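Breakdown of the fold
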Amino acid sequence: MTRAVELLAESCPHFTWTGIYLLEGDELVLGPFVGKPSPHTRIPLGRGICGAAATQRATIIVDDVNADPRYLACSLETRSEIVVPITQADRVLGEIDIDSDRAAAFGPTDQALLEAVAQALAPRLAARVPVP
Ligand code: SME
């Protein structure tokens with residue numbers, strides 16, 4: 001997970017904050033990240049764009065975070081966000097969360113890349129997350 005966020009942050013200059021949250025019970029718990037420390041180290045499933053993506057088990061792209069009432073602010077400079085759930089057999093294990101200081105920074109290429117990374121991480125996370 002650490003290497004994945006490092007590689008993504010290195011190779012994608014528009015990724016200002018790159019992190020992974022892990023689902024523990026009904027909370028998303030911050031794992032490895034590259035960027036400024038976030039105040040949101042634990043996010044209940046019902047909150048934030050992170051909570052929405054995990055609940056819907058679907059990628060969410062927000063072009064303008066300030067126009068989205070779900071948004072939990074991490075940094076004043078953040079303008080857009082993409083959250084990609086990491087799932088296995090319909091079970092959410094965690095998610096990849098990326099912020100950008102650029103508005104509408106994320107498109108289909110980012111989504112495809114991050115969904116492929118999520119798919120690669122899923123079996124590794126499944127191996128360390130107990131089945132409920
Ligand atoms: N913006 C997220 C919270 C996490 S920080 O971006 C790292 C959200 O709205 O869920």
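These numbers come from a predicted model, not from an experiment.

Another aspect to go through is the nonpolar core. In this structure, Phe15, Ile20, Ile86, Ile96, Ile98, Leu114 and Leu121 are the most contacted members of the largest nonpolar core, which totals 22 residues. Looking at this core, the elements with two or more residues in it are helix H1 (2-11), strand E1 (17-24), strand E5 (80-88), strand E6 (91-100) and helix H3 (108-126). Per-element accounting of this core gives the leading share, 7 residues, to H3. Setting aside chain neighbours within four positions, we find Phe15 in contact with Leu8, Ile98, Asp99, Phe106, Asp110 and Leu114. Judged by nonpolar contacts, the second largest core, of 18 residues, contains Leu30, Ala54, Val62 and Val65.

Spatially, the 6 strands line up as an open sheet ordered E3-E2-E1-E6-E5-E4, and their pairing is antiparallel. Sheet topology places strand E3 (42-44) and strand E4 (60-62) at the edges, where each strand pairs with a single neighbour. Here the average twist between neighbouring strands, direction ignored, is 25°. Inspection of the sheet shows E1 paired to E6 by 6 bridges, in the antiparallel sense. Each bridged residue has a counterpart across the sheet, and for Ile20 the counterpart in E6 is Ile96. Across the sheet, H1 touches E1 and strand E2 (27-34), and the angle it forms with E2 is around 55°. The strands touched by H3 are E1, E4, E5 and E6; relative to E5, the strand with the most contacts, the crossing angle is about 35°.

Quick notes on the rules
Residues numbered from 1 in each chain as written. Predicted model: local features only at pLDDT ≥ 70, side-chain atom pairs only at ≥ 80, totals over all residues. Heavy atoms only, no water. Core = buried A, V, L, I, M, F, W, Y, C linked by side-chain atoms within 4.5 Å. Buried < 20%, exposed > 50% of the residue type's maximum accessible area, 1.4 Å probe, protein only. Helix = DSSP H or I, 4+ residues; strand = E, 2+ residues; numbered from the N terminus. Contact = heavy atoms within 4.5 Å. Pairing = 2+ DSSP bridges. Axes fitted to C-alpha atoms, helices over the stretch in contact; angles between N-to-C directions.

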